[in-house]
Amino acid sequence: MKINFSHPQNFKGYDALALKALHIEESTSEPIREELKNIAKKENFELRQELDYFKWTQDFKTIIEQKGKPVVVVNNRVDENFLDEMKYRYGIQGKTLDLIATGGNSFIGKFPNGDKWMLIGESEFNTKSKKYISKEYEIKEENIFPIPQQYYHLDMFLRPIGFPYVLVDSPVLSEKKLASKDIRQGSYDYITLNKEFKYWEQNRSKNYDSHNDVIEALEKAGFKPIQIAGVFGSGINFMNAIINQHQDGTISYITNGTKCDSDFITSLQQDFEKELRQKVPNIRNVYFVNGDDSYTNEMSNYMMDNLAYRGGGIHCMSLEEPSFELWG
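Residues numbered from 1 in each chain as written. Predicted model: local features only at pLDDT ≥ 70, side-chain atom pairs only at ≥ 80, totals over all residues. Heavy atoms only, no water.

A.B. asks: How should the sheet that holds strand β7 (residues 116-121) be read in this particular structure?
C.D. replies: Neighbouring strands of a sheet are bound in pairs by backbone hydrogen bonds; such pairs are parallel or else antiparallel. As summarised here, the arrangement of the 3 strands in space is β6-β7-β8, forming an open sheet in which the pairing is mixed. Each of the sheet's edge strands pairs with one partner strand only, and the pair in question is β6 (106-110) and β8 (144-147). Strand-to-strand twist in this sheet, taken as the mean axis angle between neighbours without regard to direction, amounts to 20°. As defined by bridge partners, β7 adjoins β8 across 4 bridges and the pair is classed as parallel. Each bridged residue has a counterpart across the sheet, and for Leu119 the counterpart in β8 is Phe145. (Pairing = 2+ DSSP bridges. Helix = DSSP H or I, 4+ residues; strand = E, 2+ residues; numbered from the N terminus. Axes fitted to C-alpha atoms, helices over the stretch in contact; angles between N-to-C directions.)

In structure tokens form, the structure reads like this:
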């Protein structure tokens, strides 16, 4: 599927809302800090840093809207000093919940009528109920939509880009993409990546749901999935992304890069951008975060290693603070 429209869309929802700031963990973000500073400057949002000593900023914290103002909700693993810092440095009030909807396993947006919605991974209901989430997040129960786990968190395989559109990784398209690549570009690199992708996908499919199940659930909830070749194994993931929306309805896409010493591996990010622009015509800018050059080697970079060996990418390492005053 491809988005078709004759004029810029006024997308609502902080799945594709203008960012006021992006928060990162001060103690672990050095390898990506300069890249994010440059992106933030170009995109006209702030890059903010706090100290909590937990790398995956997204998972234990979410900045939500309550009465038109930002409120950061955290679980009991987050230090009280973090809440104090948010309050005194940025004026953002915070509260600790017994249970939160994991930031990497949920997305919040708005319908055109202004009602909030949430996409949430089915695994979240092992510890909490729709009623609990509805109360704490001020979202109607009927607008909370469980999504099958194609992988352990939603942000590892799908990305809302403005209601009703949602990008969904298709392993079928990823396999076709690899099969279409010219092996002469780098035979060893091609063979290695293709082998790793098939092994990874075989294990993923045994333990998690099909992308067809995800598409069916999204369509049933009233969303429009757009399938894309977005994941090529544990270390290459273009779905784990941050969105920034502009006043003209265009959006910028910030994700994990594959720039390394291998031209073949590097070309995957170029291929993804080409496909993304074909299927999502309101894309303005695409940014690939690779990390400090000192981590780059023959077939990998900092962010690829972060995904492959630590289980998270750029969306996992950041906390979005939307411009709620522009939410509508």
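A.B. asks: How do you make sense of helix α8 (residues 302-310) when you look at a structure like this?
C.D. replies: Note that an α-helix has 3.6 residues per turn; residues three or four places apart therefore point the same way. Residues of α8 that are buried include every one of Tyr302, Met303, Met304, Asp305, Asn306 and Leu307, and no others. Those residues of α8 hidden inside the fold are in contact with α1 (30-43), β13 (251-256), α7 (263-279) and β14 (283-289). At the N-terminal boundary of α8, the capping side chain belongs to Asn301, with an oxygen 3.0 Å from the backbone nitrogen of Met303. Following α8 by one or two positions, Gly311 adopts a phi angle in the positive range, close to 85°. (Buried < 20%, exposed > 50% of the residue type's maximum accessible area, 1.4 Å probe, protein only. Contact = heavy atoms within 4.5 Å. Polar contact = N/O pair within 3.5 Å; in protein donor to acceptor, adjacent residues only side chain to side chain.)

A.B. asks: So what exactly am I meant to see when it comes to the packing of aromatic side chains here?
C.D. replies: Describing an aromatic ring pair means giving the distance of the ring centres and the angle of the ring planes. Enumeration according to the criterion identifies 17 aromatic pairs in this entry. Consider the rings of Phe111 and Phe163, whose centres lie 5.0 Å apart with planes at 90°: the pair is edge-to-face. Within this pair, whereas Phe111 is found in the loop between β6 and β7, its partner Phe163 is found in the loop between β9 (158-162) and β10 (165-169), the two being separated by 52 residues in sequence. You'll find Phe111 and Phe163 in the same group, each marked buried. Arranged with centres 5.4 Å apart and planes meeting at 75°, the rings of Tyr151 and Trp200 form a pair that is edge-to-face. Linking Tyr151 in the loop between β8 and β9 with Trp200 in helix α5 (residues 187-207), this pair joins segments that are 49 residues apart in sequence. In this structure Tyr151 comes out as buried when scored by relative accessible area, which is 17%. In textbook terms, an aromatic cluster arises when at least three aromatic residues are bridged by ring pairs, as seen for Phe197, Phe232, Phe238, Tyr253, Phe272 and Phe288. Over the face of the ring belonging to Phe82 we find Lys61, whose NZ or CZ atom lies 4.9 Å from the ring centre. (Phe/Tyr/Trp six-rings, centres within 6.5 Å; stacked < 30°, edge-to-face > 60°. Lys NZ or Arg CZ within 6 Å of the ring centre and 35° of its normal.)

A.B. asks: Looking at this model, I keep getting lost on the environment of Leu326. Mind explaining?
C.D. replies: Mapped onto the elements, Leu326 comes out in the segment after β15 (318-322). Judged by relative accessible area, which is 51%, Leu326 ranks as exposed. Apart from residues no more than four positions distant in its own chain, Leu326 is found in contact with Leu17 and Ala18.

A.B. asks: Please clarify how a negative patch on the surface should be interpreted in this entry.
C.D. replies: A grouping of Glu122, Asp213, Glu216 and Glu219 is seen on the molecular surface, where their side chains present a negatively charged patch. Turning to its location among the elements, Asp213 is positioned in helix α6 (residues 211-220). Judged by its relative accessible area of 33%, Asp213 falls in the partly exposed class. (Patch = residues over 30% accessible without salt bridge, like charges linked within 9 Å, V, L, I, M, F, W, Y side chains within 5 Å. Areas by Shrake-Rupley, 256 points an atom, 1.4 Å probe, with all protein chains shown as cover. Salt bridge = Lys/Arg side-chain N within 4 Å of Asp/Glu carboxyl O. Lys, Arg positive; Asp, Glu negative; His and termini not counted. Charge placed at Lys NZ, Arg CZ, Asp CG, Glu CD.)

A.B. asks: How should helix α3 (residues 130-137) be read in this particular structure?
C.D. replies: All of the buried residues in α3 are Ile133, Ser134, Glu136 and Tyr137. In the stretch just after α3, Glu138 is the one whose phi turns positive, near 55°.

A.B. asks: Looking at this structure, how should I read the nonpolar core?
C.D. replies: Taken as a class, soluble globular proteins show a tendency for nonpolar side chains to be buried jointly. Formed by 72 residues in total, the largest nonpolar core has its most connected members in Leu36, Leu119, Leu158, Leu167, Phe223 and Leu276. Not counting residues within four places of it along the chain, the set of residues in contact with Phe223 comprises Trp117, Leu119, Phe145, Phe163, Pro164, Val166 and Leu218. In terms of nonpolar packing, the next biggest core, distinct from the first, is built from 26 residues, Leu17, Ile63, Met118 and Ile139 among them. (Core = buried A, V, L, I, M, F, W, Y, C linked by side-chain atoms within 4.5 Å.)

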